[in-house]
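Summary of structural features
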Amino acid sequence: MKLNRLASTLLVAGLAFGATASHADGLKFFPGMQSGFKFEPSVAVSAGVMSAAATNDDSMFVYGLDINMNCGLIQTPDNRIRTHIQINHTDESGMKATSFELSPRYTLPLGSGFSVGAGPVLGAVMADNGRTDKTLFGYGAVVGANYRKGMYYSGLDLRYLNTTESAGVSFENVALMAKVGINF
């Protein structure tokens, strides 16, 4: 299946990227509890295409909200870990799904406001295939590119999410999403 091949590639790339990040010297734990820590949040609307194994269509429209900030649980000395919280929704091809995703990402600045990042994804998906609706646990990997300049924020994410199966409902999917929003 195409999704499994893409998922494997994404997971290996994300784990390799994360392994590099995990060897960083001077990791700080719970920096959000220390005075002077800046969360530097961004909020964006997102839209894109999703390919789900549970549907017969090649792609579905997906839209949502992305909130991201410097991670307050674990951080590198130069604040390269950003936590993304995403809520995504799709309602096509006889499948309705809303996902709540948490994704801490190690980011590398490229200069002039551009950065790239990768990391794991954990989530919960409320999926309805027209016969049964279930809440499913999801996990996967994401790679993304972002641009921040002043108050302007935009980005592009490629994300794989595998889900558990319950009563014949599953929602393994790959999504490519663009986002635009503001920095605070």
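Everything discussed here concerns the structure shown above.
Structural notes, computed from the coordinates. (Residues numbered from 1 in each chain as written. Predicted model: local features only at pLDDT ≥ 70, side-chain atom pairs only at ≥ 80, totals over all residues. Heavy atoms only, no water.)

**Digging into the overall build of the chain**
Helix and strand content of the chain: one helix and 10 strands. The linear arrangement of helices and strands in the chain, starting from the amino end, is α-β-β-β-β-β-β-β-β-β-β. Evaluated residue by residue, the chain yields a buried proportion of 42% over its 184 residues. In the chain, the proportion of contacts linking residues at least 24 apart, taken out of those at least 6 apart, comes to 57%. (Helix = DSSP H or I, 4+ residues; strand = E, 2+ residues; numbered from the N terminus. Buried < 20%, exposed > 50% of the residue type's maximum accessible area, 1.4 Å probe, protein only. Contact = heavy atoms within 4.5 Å.)

**Concerning the pairing of strand β9 (residues 152-163)**
With nine of its 12 residues buried, β9 lies for the most part within the structure. Of the pairings in the sheet, the one linking strand β8 (residues 133-149) to β9 comprises 12 bridges and is antiparallel in character. Residue pairing for β9: Val143 is matched across the bridge by Leu158. (Pairing = 2+ DSSP bridges.)

**Here we look at the pattern of salt bridges**
Taken as a whole, this structure holds five salt bridges when the rule is applied. Among the salt bridges present, the one from Lys179 reaches Asp157, with a minimum N-O distance of 2.9 Å. In this pair, Lys179 sits in strand β10 (residues 173-183) while Asp157 sits in strand β9, placing the two residues 22 residues apart along the sequence. By relative accessible area, Lys179 is classed as buried at 5%. Each member of the salt-bridge network shares a partner with another, and the members are Asp66, Arg105, Asp157 and Lys179. (Salt bridge = Lys/Arg side-chain N within 4 Å of Asp/Glu carboxyl O.)

**Points about unusual backbone geometry**
Positive phi values are uncommon outside glycine, yet Phe30 reaches one of about 55°. Mapped onto the elements of the fold, Phe30 is located in the loop between β1 (28-29) and β2 (42-52). Notably, Ser112 is not glycine yet its phi reads approximately 55°, a positive angle.

**What about the nonpolar core?**
One finds Met50, Met60, Val125, Ala127, Leu136 and Phe171 to be the most contacted residues of the largest nonpolar core, which totals 16 residues. Sorting the residues of this core by element identifies β2, β3 (60-70), β6 (95-111), β7 (114-128), β8 and β10 as the ones contributing at least two each. Of the residues forming this core, the biggest block, three residues, is contributed by β7. Excluding its chain neighbours within four sequence positions, the residues that come into contact with Ala127 are Met95, Lys96, Ala97, Thr132, Asp133, Lys134, Leu136, Val169 and Phe171. (Core = buried A, V, L, I, M, F, W, Y, C linked by side-chain atoms within 4.5 Å.)

**Notes on the sheet that holds β3**
The strand order β2-β3-β5-β6-β7-β8-β9-β10 describes a closed barrel built from eight strands, whose pairing is antiparallel. Averaged over all adjacent pairs, the angle separating strand axes in this sheet is 25°, with direction ignored. Both β2 and β10 contribute to a ladder of 11 bridges, which runs antiparallel. Bridged to Ala44 within β10 is Gly181. (Axes fitted to C-alpha atoms, helices over the stretch in contact; angles between N-to-C directions.)

**Thoughts on a nonpolar patch on the surface**
Where nonpolar side chains cluster on the molecular surface, the patch consists of Val45, Leu65, Ile87, Phe100, Met126, Tyr152 and Val180 and spans about 590 Å² of accessible area. By secondary structure assignment, the location of Ile87 is in strand β5 (residues 81-92). We classify Ile87 as partly exposed; its relative accessible area is 34%. (Patch = residues over 30% accessible without salt bridge, like charges linked within 9 Å, V, L, I, M, F, W, Y side chains within 5 Å. Areas by Shrake-Rupley, 256 points an atom, 1.4 Å probe, with all protein chains shown as cover.)

**Here's the deal with the pairing of β3**
Here β2 pairs with β3 via nine bridges, running antiparallel. Bridge assignment links Ser46 to a residue of β3, and that residue is Gly64. With eight bridges connecting them, β3 and β5 associate as antiparallel partners. Following the sheet pairing, Gly64 is matched in β5 by Asn88.

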